[in-house]
Amino acid sequence: MDEYWQRPPAEGPYDASTGRGWRAQRTRWFRWVFAAALFVILGKLWLMQVVQADQWREASERALVLNNALPAPRGSIYDRNGRLYAGNHPDWIAVVTPYNVKGFTFGPWQSPLDEPELDDKGEPRYPDPPPGFEEVAYAVADIVNSSASRTSNPPSAGPLDPYEIIDTLCGYSFDPYRQATIATDLDHETVMRLAERFHDLPGLEVVRRYRRSYSHPQESNAFHQIGYVGPIFEDQKYLYDEGYGPSDIIGKEGVESYYEKLLRGRKGRQVKRPRRPPVVDRPPLPGHDLTLNIDARIQAAMEASLARNVEAVNGDAGAAVAMDPHTGAIYAIASYPAFHSEWFLPDHPPEFDSLRSAIEAARPTERLPYQNHATKSKRAPASTFKIVALTAALEEGVIDPTTYGVHCSGHMELGTVRYCWQKHGHGAVGVTRSLTESCNIFYYNVGIRLGQERLLKWAHRFGFGEKTGVDLPGEHPGLVGDEAYLVNELGEDGWFDGHSANMAIGQGPIEATALQVAVMTAVIANGGKRVVPQVVARITDAGEPVPPVKREQEPVLIDLKPSTLYYVRAGMRGVVQYPAGTAFAAFSGENSVPVSVAGKTGSSESGTDDAWFTCYAPYRHMDPSNPVSADQASGAPKIVVTALIIAGGHGGDSAAPVARDVIRAAFDDEGNFLVSSQATP
Ligand SMILES: [Zn+2]
């Protein structure tokens, strides 16, 4: 040691005090520092490896412990008779944990599918992905694409593209410890062949998951009502805090979205420690099942008729609702045009894209195929609102039903000349005939007698201007505008008689969804209860019923005089029953139905000509002094049906036939109601 430290001096300027060159002096200083550092490092190593050995081994193993999520099957969705709309099938999928692939380095990386982003020097800003990405992508694509089930006809999904796999993996740069799904729908043979490659393709695994599947009982679709599932979007990443992962699916529309929290279930957890078999420390909990009030058979009849009638008049779109007037249970609810839920599933076959595009391309601005027109499209309720105006006038006592009448000459002076739709005039019009023949002149007078305050009060009582509370996402509340609305939003000078006259015929600042008009009709049909429409009848967890979801709206009881119900119902019955009724043709002769129907047409005359028809059945002739108890005795009515055809012309021509077809599906030839009284679990 001494010899080492006293090596002959190196060259350098002479130093008298040491007899050595400057370079040797600096070297000696460094040696001391180096020796001290070495001592510290060795000491630390000794501490870690000998004194704290157990503690450190545990920590390093903890770093290698992988918590894998175990998928939970999503809850199934059934119609009221137990027919399956949405289920799951188990699926083997190939996943890659980017962090574990060969040669991993942290990203972001340059995906082979993206145009490189260049830096100031014109060089790609991001490095190529780790070599393991390419290796695993080509290996998996080779194996999967050569499997018998992939090449069978028709393929469940197209062949795998290695570049797309690499691109997927590059998308995980923000979280390379998560498993990225790179291949789905693997058959047994493929799973075995992939398993043989696990040792030389670190990061690759095959895991089981559940895949959403949709069916069409009775050839019904119910796209907007069932909804669909899809991936979590960029702006929904907050969901990662609620237990979702990047390859998870989430409900996007319909009950799939409204009941997402119940349907999704809870993921399980599997813990993998080095050199030990994986342990399930929390088993997955399947999602709750939903039984709908929807009857797939009625739903199918409604969808077919709606499509046929929208196309027959070259309308833009359509909506229809069939509902139990007493409970609000929705038997069928349709919107046209519509897609199919399975067209939106991840990994869908490419031909589904063309089916979607074809519907999107057909006059998209008017048709809005993504919109549930039954709950989200608000239109002027037109003459269907005369039901509300007449009820209000009778309840408020502004007219006497036994004596009140107007003479319709086809027009009247009201600032400007207002017309009845019947240009030659209806002549003498009383209360019931006013509804049956939908005389505008009668309702202009009634509207002026009621005035703004009472009109708005009754519009709100019947549920206009607020959400019905249906268990579907994104419902529109419609519109009931008052004087402030006219002044502030429309720049008018105030509310005058002309506005009251207009509102009484369902025009002006009043707009409603088809579902709101159905609820309004139910109030008359059931004798005064504003129901909350319900798509879901029962929620079950492993077959056991769970309490219903708390709803925003509660049913509202509206006190209506028996005589009011008598006159309004009789007027509505005439619409269908009498030759002068506005829907007589739609329900007579070869169009007749086996039950008595009471309804009201509507045809809006502003903007597009929208066609309405709303009705209930069966109608019973009642004692005017006590129509409510007569209802209860007979159990009538059974069903409310409302149809709206946007840009569909006259309500009696295009909307009434939809309701007729639904009623034909709901009753047999003897008039027996065919919808089961209770939704089965
Ligand atoms: Zn008239």
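Our subject in this report is the structure included herewith. Computed from a predicted model, the values in this text were never measured in an experiment.

1. As for the overall build of the protein chain
Part 1 of the reasoning: Counting secondary structure elements, the protein chain contains 24 helices and 25 strands.
Part 2 of the reasoning: Here the protein chain, with 681 residues, has 45% of them falling under the buried criterion.
Part 3 of the reasoning: The long-range fraction of contacts in the protein chain, counting pairs at least 24 apart against all pairs at least 6 apart in sequence, stands at 74%.

2. A closer look at the nonpolar core
Part 1 of the reasoning: Counting residues in hydrophobic clusters, the biggest one holds 133 residues, and the most contacted among them are A320, A322 and V662.
Part 2 of the reasoning: In this structure, A320 is in contact with M302, L306, A334, A374, A514, T642, A643, V658 and V662, ignoring residues within four places of it in sequence.
Part 3 of the reasoning: Counting 24 residues, the second-largest nonpolar core is a separate cluster that includes W109, V136, V140 and L169.

3. What about the sheet that holds strand 23 (residues 598-603)?
Two pairing modes exist for strands in a sheet, parallel and antiparallel, and in both the strands are linked by backbone hydrogen bonds.
Part 1 of the reasoning: Taken in spatial order, the 5 strands of this open sheet run 12-11-25-24-23, and their pairing is antiparallel. Strands at the two margins of the open sheet, each flanked by one partner only, are strand 12 (330-336) and strand 23. Sheet twist, expressed as the average angle between the axes of neighbouring strands with direction ignored, equals 5°.
Part 2 of the reasoning: Seen against the sheet, helix 11 (residues 296-312) touches strand 11 (317-323), strand 12 and strand 25 (639-646) and runs at an angle of roughly 30° to strand 12.
Part 3 of the reasoning: Strands strand 11, strand 24 (611-617) and strand 25 of the sheet are contacted by helix 20 (residues 514-526), whose axis makes an angle of about 150° with strand 25.

4. What about the pairing of strand 10 (residues 289-292)?
Part 1 of the reasoning: Both faces of strand 10 are covered, namely the face carrying D289 and T291 and the face carrying L290 and L292.
Part 2 of the reasoning: Where strand 2 (residues 77-78) and strand 10 come together, 2 bridges link them in parallel fashion. Bridge assignment links Y78 to a residue of strand 10, and that residue is T291.
Part 3 of the reasoning: Alignment of strand 10 against strand 20 (residues 536-541), held across 4 bridges, turns out to be antiparallel. Bridge pairing in strand 20 links T291 to R538.

5. Some details on unusual backbone geometry
It is generally the case that most residues other than glycine have a negative phi and that most peptide bonds are trans.
Part 1 of the reasoning: For the bond running from Y336 to P337, omega is 0°, close enough to zero to count as cis.
Part 2 of the reasoning: A cis amide bond, omega -10°, links A617 with the succeeding residue P618.
Part 3 of the reasoning: In this structure, P618 sits in the loop between strand 24 and helix 22 (627-634).
Part 4 of the reasoning: Although it is not a glycine, S438 adopts a positive phi angle of roughly 55°.
Part 5 of the reasoning: Inspection of the secondary structure puts S438 in the loop between helix 16 (431-436) and helix 17 (440-461).

6. A look at the environment of W92
Part 1 of the reasoning: Considering the arrangement of structural elements, one finds W92 in strand 3 (residues 84-96).
Part 2 of the reasoning: Look at W92 and you get partly exposed, because 17 C-beta atoms sit within 10 Å.
Part 3 of the reasoning: Distance from W92 to R211, taken between C-alpha atoms, is 9.5 Å for residues 119 residues apart in sequence.

7. Observations concerning helix 15 (residues 386-396)
Part 1 of the reasoning: With 9 of its 11 residues buried, helix 15 lies for the most part within the structure.
Part 2 of the reasoning: Listed as buried for helix 15 are K386, I387, V388, A389, L390, T391, A392, A393 and L394.
Part 3 of the reasoning: Where helix 15 is buried, its residues touch helix 16, helix 17, helix 19 (497-504), helix 20, helix 21 (562-577) and strand 23.
Part 4 of the reasoning: Backbone geometry just after helix 15 places G397 at a positive phi near 70°.

What counts, and at which threshold
- Residues numbered from 1 in each chain as written.
- Predicted model: local features only at pLDDT ≥ 70, side-chain atom pairs only at ≥ 80, totals over all residues.
- Helix = DSSP H or I, 4+ residues; strand = E, 2+ residues; numbered from the N terminus.
- Buried ≥ 20, exposed ≤ 12 C-beta atoms within 10 Å, placed from the backbone.
- Contact = placed C-beta atoms within 7 Å.
- Core = buried A, V, L, I, M, F, W, Y, C linked by C-beta atoms within 7 Å.
- Pairing = 2+ DSSP bridges.
- Axes fitted to C-alpha atoms, helices over the stretch in contact; angles between N-to-C directions.

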